[in-house]
Amino acid sequence: MTHDRDTLIAAAKAAQAQAYAPYSNFHVGAALGFADGSVVTGANAENASYGLALCAETNAVARAMNEGRRGGLEAVAVVGGMHGAPGPTVTPCGRCRQVLNELAQLGETDPVIWCAGADAVLELKLSALLPHAFGPANLG
(Lines give C-alpha, C1' and ligand atoms only; values in the text may rest on other atoms or scores of the structure.)
Protein backbone atom coordinates (compact mmCIF):
# COMPACT_ATOMS: atom_id res chain seq x y z
CA MET A 1 0.00 0.00 0.00
CA THR A 2 1.21 3.46 -0.90
CA HIS A 3 -0.35 5.39 1.98
CA ASP A 4 0.61 5.76 5.60
CA ARG A 5 -2.37 5.68 7.97
CA ASP A 6 -1.35 8.69 10.05
CA THR A 7 -0.54 10.82 6.99
CA LEU A 8 -3.92 10.10 5.40
CA ILE A 9 -5.73 10.80 8.68
CA ALA A 10 -3.86 14.13 8.91
CA ALA A 11 -5.08 14.99 5.40
CA ALA A 12 -8.66 14.19 6.46
CA LYS A 13 -8.25 16.44 9.51
CA ALA A 14 -7.00 19.27 7.30
CA ALA A 15 -10.04 18.80 5.06
CA GLN A 16 -12.30 18.79 8.11
CA ALA A 17 -11.21 22.38 8.79
CA GLN A 18 -12.97 23.36 5.54
CA ALA A 19 -16.34 21.85 6.51
CA TYR A 20 -19.45 23.97 6.16
CA ALA A 21 -21.74 22.70 8.92
CA PRO A 22 -23.72 25.64 10.35
CA TYR A 23 -26.76 23.48 11.20
CA SER A 24 -25.35 20.34 12.83
CA ASN A 25 -21.97 21.82 13.78
CA PHE A 26 -20.61 18.34 13.04
CA HIS A 27 -17.53 18.79 10.84
CA VAL A 28 -16.30 15.83 8.79
CA GLY A 29 -13.21 15.45 6.63
CA ALA A 30 -12.25 12.64 4.30
CA ALA A 31 -9.08 11.78 2.41
CA LEU A 32 -8.84 9.28 -0.43
CA GLY A 33 -5.45 7.70 -1.11
CA PHE A 34 -4.72 6.41 -4.61
CA ALA A 35 -2.15 3.89 -5.88
CA ASP A 36 -0.18 6.63 -7.65
CA GLY A 37 0.45 8.28 -4.26
CA SER A 38 -2.04 11.10 -4.73
CA VAL A 39 -4.55 12.18 -2.11
CA VAL A 40 -7.95 13.76 -2.78
CA THR A 41 -9.84 15.34 0.12
CA GLY A 42 -13.34 16.54 0.85
CA ALA A 43 -15.35 18.08 3.68
CA ASN A 44 -19.06 17.99 4.43
CA ALA A 45 -21.19 20.82 3.07
CA GLU A 46 -24.58 21.31 4.68
CA ASN A 47 -27.57 23.07 3.18
CA ALA A 48 -30.56 24.87 4.70
CA SER A 49 -32.63 22.19 2.96
CA TYR A 50 -31.13 19.46 5.13
CA GLY A 51 -31.62 16.62 2.67
CA LEU A 52 -29.34 18.37 0.18
CA ALA A 53 -26.28 18.24 2.44
CA LEU A 54 -23.21 16.50 1.03
CA CYS A 55 -20.94 14.30 3.09
CA ALA A 56 -17.16 14.63 3.11
CA GLU A 57 -16.63 11.26 1.46
CA THR A 58 -19.11 12.02 -1.33
CA ASN A 59 -17.43 15.37 -1.98
CA ALA A 60 -14.01 13.71 -2.12
CA VAL A 61 -15.24 11.04 -4.55
CA ALA A 62 -16.90 13.67 -6.76
CA ARG A 63 -13.67 15.66 -6.77
CA ALA A 64 -11.66 12.56 -7.67
CA MET A 65 -14.08 11.68 -10.48
CA ASN A 66 -13.91 15.26 -11.78
CA GLU A 67 -10.12 14.88 -11.90
CA GLY A 68 -10.59 11.80 -14.10
CA ARG A 69 -9.80 9.16 -11.48
CA ARG A 70 -11.49 5.87 -12.22
CA GLY A 71 -9.38 3.42 -10.26
CA GLY A 72 -6.53 2.92 -7.87
CA LEU A 73 -8.39 3.74 -4.65
CA GLU A 74 -6.32 2.10 -1.90
CA ALA A 75 -7.30 3.81 1.34
CA VAL A 76 -9.79 6.22 2.87
CA ALA A 77 -9.51 8.18 6.11
CA VAL A 78 -12.54 9.75 7.79
CA VAL A 79 -12.64 12.06 10.82
CA GLY A 80 -15.51 13.93 12.43
CA GLY A 81 -16.53 15.85 15.50
CA MET A 82 -18.58 18.71 16.88
CA HIS A 83 -17.21 22.08 15.80
CA GLY A 84 -14.26 20.25 14.24
CA ALA A 85 -12.97 18.96 17.57
CA PRO A 86 -11.86 15.33 17.84
CA GLY A 87 -14.87 13.19 18.55
CA PRO A 88 -16.02 9.60 18.53
CA THR A 89 -15.01 7.20 15.79
CA VAL A 90 -17.10 8.05 12.72
CA THR A 91 -17.75 5.59 9.91
CA PRO A 92 -19.04 6.53 6.46
CA CYS A 93 -22.84 6.65 6.21
CA GLY A 94 -24.67 4.22 3.94
CA ARG A 95 -24.74 6.63 1.01
CA CYS A 96 -21.01 7.27 1.29
CA ARG A 97 -20.28 3.55 1.50
CA GLN A 98 -22.11 3.11 -1.80
CA VAL A 99 -20.34 6.10 -3.40
CA LEU A 100 -16.94 4.81 -2.26
CA ASN A 101 -17.83 1.35 -3.55
CA GLU A 102 -18.53 2.72 -7.03
CA LEU A 103 -15.06 4.24 -7.25
CA ALA A 104 -13.42 1.15 -5.76
CA GLN A 105 -15.20 -1.23 -8.14
CA LEU A 106 -14.07 0.81 -11.14
CA GLY A 107 -10.51 -0.09 -10.17
CA GLU A 108 -11.33 -3.51 -8.73
CA THR A 109 -10.00 -2.58 -5.29
CA ASP A 110 -11.18 -3.14 -1.73
CA PRO A 111 -9.69 -0.12 0.04
CA VAL A 112 -8.90 0.01 3.72
CA ILE A 113 -11.05 2.53 5.60
CA TRP A 114 -9.51 4.28 8.60
CA CYS A 115 -12.16 5.84 10.83
CA ALA A 116 -10.34 8.07 13.27
CA GLY A 117 -11.83 9.17 16.57
CA ALA A 118 -10.37 11.07 19.48
CA ASP A 119 -9.14 7.90 21.18
CA ALA A 120 -9.01 5.18 18.54
CA VAL A 121 -8.77 4.35 14.86
CA LEU A 122 -11.10 1.71 13.48
CA GLU A 123 -9.62 -0.10 10.47
CA LEU A 124 -11.92 -1.96 8.11
CA LYS A 125 -12.04 -2.97 4.48
CA LEU A 126 -14.79 -1.34 2.43
CA SER A 127 -16.25 -4.80 1.76
CA ALA A 128 -16.77 -5.21 5.53
CA LEU A 129 -18.61 -1.87 5.71
CA LEU A 130 -20.74 -2.68 2.66
CA PRO A 131 -21.08 -6.45 2.23
CA HIS A 132 -22.77 -7.72 -0.92
CA ALA A 133 -22.43 -4.29 -2.52
CA PHE A 134 -24.24 -3.31 -5.70
CA GLY A 135 -22.06 -1.65 -8.29
CA PRO A 136 -20.96 -1.38 -11.92
CA ALA A 137 -20.27 -5.12 -12.15
CA ASN A 138 -23.96 -5.83 -11.44
CA LEU A 139 -25.03 -3.93 -14.54
CA GLY A 140 -23.07 -6.09 -16.95
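Cut-offs used in this document
- Residues numbered from 1 in each chain as written.
- Predicted model: local features only at pLDDT ≥ 70, side-chain atom pairs only at ≥ 80, totals over all residues.
- Heavy atoms only, no water.
- Axes fitted to C-alpha atoms, helices over the stretch in contact; angles between N-to-C directions.
- Helix = DSSP H or I, 4+ residues; strand = E, 2+ residues; numbered from the N terminus.
- Parallel < 35°, antiparallel > 145°, perpendicular 65-115°, else oblique.
- Left-handed = near helix turned anticlockwise from the far one by under 90°.
- Contact = heavy atoms within 4.5 Å.
- Nonpolar A, V, L, I, M, F, W, Y, C, P; charged D, E, K, R; others polar.
- Salt bridge = Lys/Arg side-chain N within 4 Å of Asp/Glu carboxyl O.
- Buried < 20%, exposed > 50% of the residue type's maximum accessible area, 1.4 Å probe, protein only.

Attention now moves to the packing of helix H2 (residues 56-66) against helix H3 (residues 94-106). Packing of H2 against H3 leaves a shortest axis separation of 9 Å and a crossing angle of 25°. Taken together, H2 and H3 sit at an angle that is classed as roughly parallel. Crossing geometry of H2 relative to H3 is assigned as left-handed. Facing Glu57, Thr58, Val61, Ala64 and Met65 of H2, the residues of H3 in contact are Arg95, Cys96, Val99, Leu100, Glu102, Leu103 and Leu106. Of the residues in the contact of H2 with H3, the class split is eight nonpolar, one polar and three charged.

Now for the pattern of salt bridges. Side-chain pairs of opposite charge can arise where the charged atoms are in close proximity. Counting across every chain of the model gives four salt bridges. Arginine 63 serves as the salt-bridge partner of glutamate 67, at 3.6 Å between the closest nitrogen and oxygen. Here glutamate 67 falls in the partly exposed class, since its relative accessible area comes to 44%. Look at arginine 63 and you get partly exposed, because its relative accessible area is 41%. Where glutamate 67 meets arginine 69, a salt bridge forms, and the shortest distance between an N and an O atom there is 3.5 Å. By sharing partners, the salt bridges in this structure join Asp36, Arg63, Glu67 and Arg69 into a single network.

Note that every value here comes from positions in space, so none of it alone points to a role or purpose.
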